Amino acid sequence: MLGRKLNMLSAKIYLLKIKIKILEKTPFFKRKKGEKLFITHFTLLSAISAFQEACFKRLFGAYAKSVLFETHNGVLLSAPMDTEINRRLGHYGQYDLDKINFLKKIIKENDTLYFLGVHIGTLLVPLSRHAHNVIGFEANPDTFEYLKYNLYLNNVLNAVVFNLGVYDKQGTSLFYQNRANTGGSKIKPHSDQFIYNYDKPTETVVKTICLDEFVSFNKLPLPNVMIVDIEGAEYA
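A quick note: this is a predicted structure, and the numbers were derived from the prediction, not measured. (Residues numbered from 1 in each chain as written. Predicted model: local features only at pLDDT ≥ 70, side-chain atom pairs only at ≥ 80, totals over all residues. Heavy atoms only, no water.)

A closer look at the pairing of strand S9 (residues 202–210)
Every regular strand shows the same layout, with side chains that alternate between the two sheet faces.
Next up, step 1: For strand S6 (residues 165–167) and S9, the ladder comprises three bridges, and the chain directions are parallel. Bridge pairing in S9 places tyrosine 167 opposite cysteine 210.
Next up, step 2: Direction of pairing for strand S7 (residues 171–177) relative to S9: antiparallel, over a ladder of seven bridges. Following the sheet pairing, phenylalanine 175 is matched in S9 by threonine 204. (Pairing = 2+ DSSP bridges. Helix = DSSP H or I, 4+ residues; strand = E, 2+ residues; numbered from the N terminus.)

Some thoughts on the nonpolar core
Next up, step 1: Among the nonpolar cores identified, the biggest contains 30 residues, and Ile107, Leu113, Leu123, Leu124, Leu127 and Leu151 are the most heavily contacted of them.
Next up, step 2: Elements that contribute at least two residues to this core include exactly strand S2 (74–78), helix H3 (84–92), helix H4 (97–106), strand S3 (112–116), helix H5 (124–127), helix H6 (141–153), strand S5 (159–162) and strand S10 (225–228).
Next up, step 3: In this structure, leucine 113 is in contact with Ile107, Leu127, Ala131, Asn133, Val134, Ile135, Val225 and Ile227, ignoring residues within four places of it in sequence.
Next up, step 4: The next biggest cluster of nonpolar side chains, apart from the first, holds 13 residues, and it includes Ile135, Leu211, Val215 and Leu220. (Core = buried A, V, L, I, M, F, W, Y, C linked by side-chain atoms within 4.5 Å. Buried < 20%, exposed > 50% of the residue type's maximum accessible area, 1.4 Å probe, protein only. Contact = heavy atoms within 4.5 Å.)

Section: the sheet that holds S10
Next up, step 1: Pairing is parallel across the open sheet formed by four strands, whose spatial order is S5-S4-S3-S10. Strands with a single pairing partner mark the edges of an open sheet, and in this sheet they are S5 and S10. Neighbour to neighbour, the strand axes of the sheet diverge by 15° on average, direction disregarded. (Axes fitted to C-alpha atoms, helices over the stretch in contact; angles between N-to-C directions.)

Here's the deal with the packing of aromatic side chains
Next up, step 1: Evaluated as defined, the whole model comprises six aromatic pairs.
Next up, step 2: On the numbers, 5.4 Å between centres and 25° between planes, the contact of phenylalanine 137 with phenylalanine 162 is stacked. One end of the pair, phenylalanine 137, is in strand S4 (residues 133–137); the other, phenylalanine 162, is in strand S5, with 25 residues separating them in the sequence.
Next up, step 3: Ring centres 6.3 Å apart and planes at 50° place the aromatic pair phenylalanine 194 and tyrosine 198 in the tilted group.
Next up, step 4: Taking the relative accessible area as the measure of exposure, phenylalanine 194 reaches 28% and is therefore partly exposed.
Next up, step 5: Grouped by ring-pair contacts, the aromatic residues Phe42, Phe194 and Tyr198 constitute a single cluster.
Next up, step 6: The ring of tyrosine 95 has arginine 88 lying over it, and the distance from NZ or CZ to the ring centre is 4.1 Å. (Phe/Tyr/Trp six-rings, centres within 6.5 Å; stacked < 30°, edge-to-face > 60°. Lys NZ or Arg CZ within 6 Å of the ring centre and 35° of its normal.)

Focus on a nonpolar patch on the surface
Next up, step 1: There is a patch of nonpolar side chains on the surface, built from Leu68, Tyr149, Tyr152 and Leu153 and spanning about 480 Å² of accessible area.
Next up, step 2: The leading source of residues in the nonpolar patch is H6, at three residues.
Next up, step 3: Counting through the fold element by element, leucine 68 comes out in strand S1 (residues 67–71).
Next up, step 4: The exposure class of leucine 68 is partly exposed, given its relative accessible area of 45%. (Patch = residues over 30% accessible without salt bridge, like charges linked within 9 Å, V, L, I, M, F, W, Y side chains within 5 Å. Areas by Shrake-Rupley, 256 points an atom, 1.4 Å probe, with all protein chains shown as cover. Salt bridge = Lys/Arg side-chain N within 4 Å of Asp/Glu carboxyl O.)

Structure (structure tokens):
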């Protein structure tokens, strides 16, 4: 009985993924006419995310918290509801290898690499092998837990990471913890839109720092290379 239900669930999610692939090939970026398709695309991603998490909990129980991937980026734990990064790690065994290969040409073995918006470490883990040391910042408290495990699983000993958001001021800020694409989590925008909250993100409060002051106060080494992936907060 359970097997039949799982087969039906698998069929439904497969059909949803087919719809998304069709939508991705549709010129929905031609606004107006494409606006509905744009909304449908992200609504489907949200539905798949919720479905994915429900199946995971049904199969493995409430105490199961993550999925493990053995990839070209390293051994990585990720949240079960993430449709974006899990799809790429699971089906292709890699995440942004082209960017990693490009950055490897820039980073020298004696460099200090700063990474703002580390997420679960898909880029930090492989790039840490090419730098002298790495200093990373990740605002999302849930993602930060995965990051710490991933550093341990990959024996990354030259990285120091902080559960802080890099912003234009020190203090606290409202933060969206997105679910369908956890890498898209962000400081809550001043002007909220569907693209930011389509997957009903959890709203939390995170600590923020001004980078110059933080580096000076903690006597951290200055960066030779800085990678910034903080979902637009650099324009705040």
